[in-house]
Structures are given as C-alpha cells and as structure tokens.
Amino acid sequence: MKNKQKIIDEVNKCSRCALCFSVCPLYQATKDETKSAKGFFNIIYGILTGKIRLKKNIDLICLNCNKCKTFCPSDINFNKVLPLFKYNYKLSNFNPFIFKIKLYVFSFIIKLYKIFNLKKYFKNSLFAQLSVNDIKIDKSIKYISKNKKIIFFEGCFNRFINSDSKNAILNLLSKNGYEVIIPNLGCCNINSYFEGDFNYFKKSWEKKLKKISKDVDYILFDCDTCFQSFNLYINEFENKCNLKCLTFIQFIEKYNLEFCQNKNYENIVYHKPCKANENNYNILKSKVENLKYVDNFEKCCGFGSLYGIIRGRTSKQISENKFKDVEINSINTIITSCNLCRIGLFQGLIVKKKNTNNENIKVINVSEIF
Ligand code: SF4
Ligand code: SF4
C-alpha cells in the first residue's frame, strides 16, 4: 500500500493520552471515544495491523477542525493522516452527484423563503436566517482603474445561498478602484479532499484554474475554508502555480482601503473559524472599532467541512454547545470569515435566541461590515 509507512509513523506518534478529548468538539458532543483523534487512530492502527476488519461503512468522519493538533503533546497531524488513509483504502463517502443534488435542494428551499417571504412565518428556522438578503450592488459607484485585476472566488455560499458578502466586496473594491471578475468556479470541494477522493479534488481545481487568466493580480476569498482548499491543492498537487491568493482579511490589511460607510454595526464579536489564520483577530482589532471580546467564544461552530450536511444531528448539537455557556446578551453582530461557519452559527443560535432576549442578533461575513 502506497504511503503506508507515512500513516503508520503518524499513528505511532499518538501516545493514547486522551488529552485531545478536552478540545475535540465531536467527542464533547457524543462522549464516544471512537469519535475523537485517539479513537480514530485506534481504528486506523487496528486496520493497518489487521486486528480490525475493514468495512466500507466504517465511521471515520470528523469536522477536520484540527483542534486536536493544536492541543496534542505528540504533535500529530490528524488532518493529513485521515484523508491519506481514506485515499489508500478507497473509503471515500464523497459522491459529487449526491452532493450537488443536496446543494440544489438546499438552495431551492432558501429561494422559496425569499420569494414567498416565508421567513416571517418561520422566523427562527435556519433557512429563514440564511435567506436574509440586504446588501445590493451599488450601481452609483464609479469605477476608477487602479490597474489591479482581482478574481473573486464566490464558492457555493455566495452563489446558492446568500450573496451579501459577494455584493459587499464588489461595492468595496469598486469604490477603491479595483476591477473584480467573478467567473463561475463552482464549489471549493474541500470535502472531497477530506474524504480522500484526491482524484476528484485535483481535477476540480485543475478545471477551475484553467478558467483564470494568468494576468490577474490576486484571487480573493471571503471564506477561510475555500482558501484552505485552494492552498491544499497548490501545496499537495501543483507546486508550479504562480497565482497569488489572499483572504479578505489579509487583503484589507495589505491595502489601505477606503471603507464604504459606517454600517452601524455595534457590539461585534468575531468567530474565528478553525481554518483561519491566527492573525485574523489582531487585524480585525485594528480595523473594527466595536469589536468586543467574549469569554469562551472559541468553540467550534459544528459545520466544518460540511459536516452539518453529512451528520446533521451531531452537527446541531455541536453548534448548540458553542452557545451554551457564553454571555452574548450585549452582542448584536457575530462576524466570521468562513461561510460554512455562518451556517453553523445560525444553527446554534436558534436555541440561544429562544432562551434569551437577544432576538435580533445577526451572523454575517466579515466583509459585510466594511
Ligand atoms: S492528544 Fe494526541 S497523543 Fe494524546 S490521544 Fe489525542 S491524538 Fe493521541
Ligand atoms: S479534527 Fe476536530 S473533530 Fe476531528 S478528531 Fe480532531 S478535534 Fe476532533
């Protein structure tokens, strides 16, 4: 088996100390040892040594949040081992066709909410929250060329669910004189990578990059998960690519942009996605006047790498756990830099809103406050 030694070496690093239990959102929601890095390593080790019989339906699905890596004294890299193991044993549960159908159904329900204004009847449903659409393209903004051409990677969320972030970025960059192009690049397909379907993942990025002309200055991402997917492709499958890419937060740090207006967001808290750059909070702190710190707000949103679509019930539990012991009564806006986190945060807030007086709390992408 290709890569067997690499996997064994990594699995052997795990001392089975169980320290990862205290940070693994999956273990915390299920209290099931087999749903933690330690448990997954035991299963992988058992299969590699022939002690456990390999079954196609073996449950090796997690949020790929990498919280276990940051906490593990043996410095395991779980997010590398699991996809590699699945790839070698052809264990992928990823089916691009089924995934597209689920996405279209999801997007169709959201369209119904918008068209028939159903959100007033189902105020607290996830679909009602996701269908909110306020930011329009500002046609009065005059484009002044700065000779910078930017490709915006819109991903599934902007295309199928809610385009507020895309519209905010278009307004902001046009106001600052950038030419923004939005080709149809489809989904970032990060779940195919984590499910070990490397061939599909690689082909899908090859196709995307063919649609991008080489004279662009940057590819801009408003979602840390899509950004991570691009970087995984570049680092693991294609090291000759010269395209530069930035997240929205890195972009506003690099260029001194003139912001659209004060959009009156007060008492803002940042949810840092597990795929985000460590420096994001400091950058935001220097740009956002009303950014507050909330104790215990670092927990997982429960939707990582589309876990919410694959394991809905556990994902909901993890999302609700995030808000259980946090005091957010004075907060009215949660910003995040991952569009999947947006879904997880809405999901967790439904119960929290019912139990508090904070009915109007919003979850938006970071880009929407500028
Ligand atoms: S913390 Fe690291 S070494 Fe300890 S059980 Fe978890 S993965 Fe293994
Ligand atoms: S990546 Fe996250 S969900 Fe998966 S085992 Fe590690 S801590 Fe748990």
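First, a word on what this report is: a plain description of the structure on this page. (Residues numbered from 1 in each chain as written. Chains lettered and ligands numbered in written order. Predicted model: local features only at pLDDT ≥ 70, side-chain atom pairs only at ≥ 80, totals over all residues.)

## Comments concerning the sheet that holds strand 4 (residues 245-247)
Each strand in a sheet pairs with another by means of backbone hydrogen bonds, the pair being arranged parallel or else antiparallel. The line we're drawing: Between any two strands, pairing holds if DSSP finds at least two bridges. Put simply, DSSP marks the helices as runs of H or I at least four residues long and the strands as runs of E at least two long, and each gets a number from the N terminus on. All axes here are fitted lines through C-alpha atoms, helices being fitted over the stretch that makes contact, and every angle between N-to-C directions spans 0 to 180 degrees. What counts as a contact is two residues whose backbone-derived C-beta atoms lie within 7 Å of each other.
One open sheet holds the four strands; their spatial order is 2-1-3-4, and the pairing between them is parallel. What marks the edges here is a single partner per strand, and that holds for strand 2 (179-181) and strand 4. In this sheet, adjacent strand axes meet at a mean angle of 30° when their direction is disregarded. One ladder, built from three bridges, connects strand 3 (residues 218-221) with strand 4; its direction is parallel. Each residue of the ladder has a partner; that of F221, found in strand 4, is T247. Across the sheet, helix 12 (residues 224-237) lies against strand 1 (149-153), strand 3 and strand 4, angled at about 155° from strand 4, the strand it touches most.

## Quick notes on the site of ligand 2
Just so we agree on the cut-off: Nearness rests on one distance test: the residue's C-beta atom, set from the backbone, must lie within 6 Å of the molecule or strand. Under the scheme applied, nonpolar residues are Ala, Val, Leu, Ile, Met, Phe, Trp, Tyr, Cys and Pro; charged residues are Asp, Glu, Lys and Arg; polar residues are all the others, including Gly.
Lining the immediate environment of ligand 2, one finds 14 residues, of which C24, C62, C65, K67 and C68 sit closest. Those elements that place two or more of their residues in the shell around ligand 2 are helix 2 (25-30) and helix 4 (67-71). Looking at the shell around ligand 2 residue by residue, the class counts come to 10 nonpolar, three polar and one charged.

## Comments concerning the sheet that holds strand 6 (residues 291-292)
Strand order in the open sheet formed by four strands is 6-5-7-8, with parallel pairing between adjacent strands. Two strands close off the open sheet at either side, each with one partner strand: strand 6 and strand 8 (362-365). As judged from the four bridges shared by strand 7 (residues 333-336) and strand 8, these two strands associate in the parallel manner. From the neighbouring strand, I334 faces strand 8, where its bridge partner is V363.

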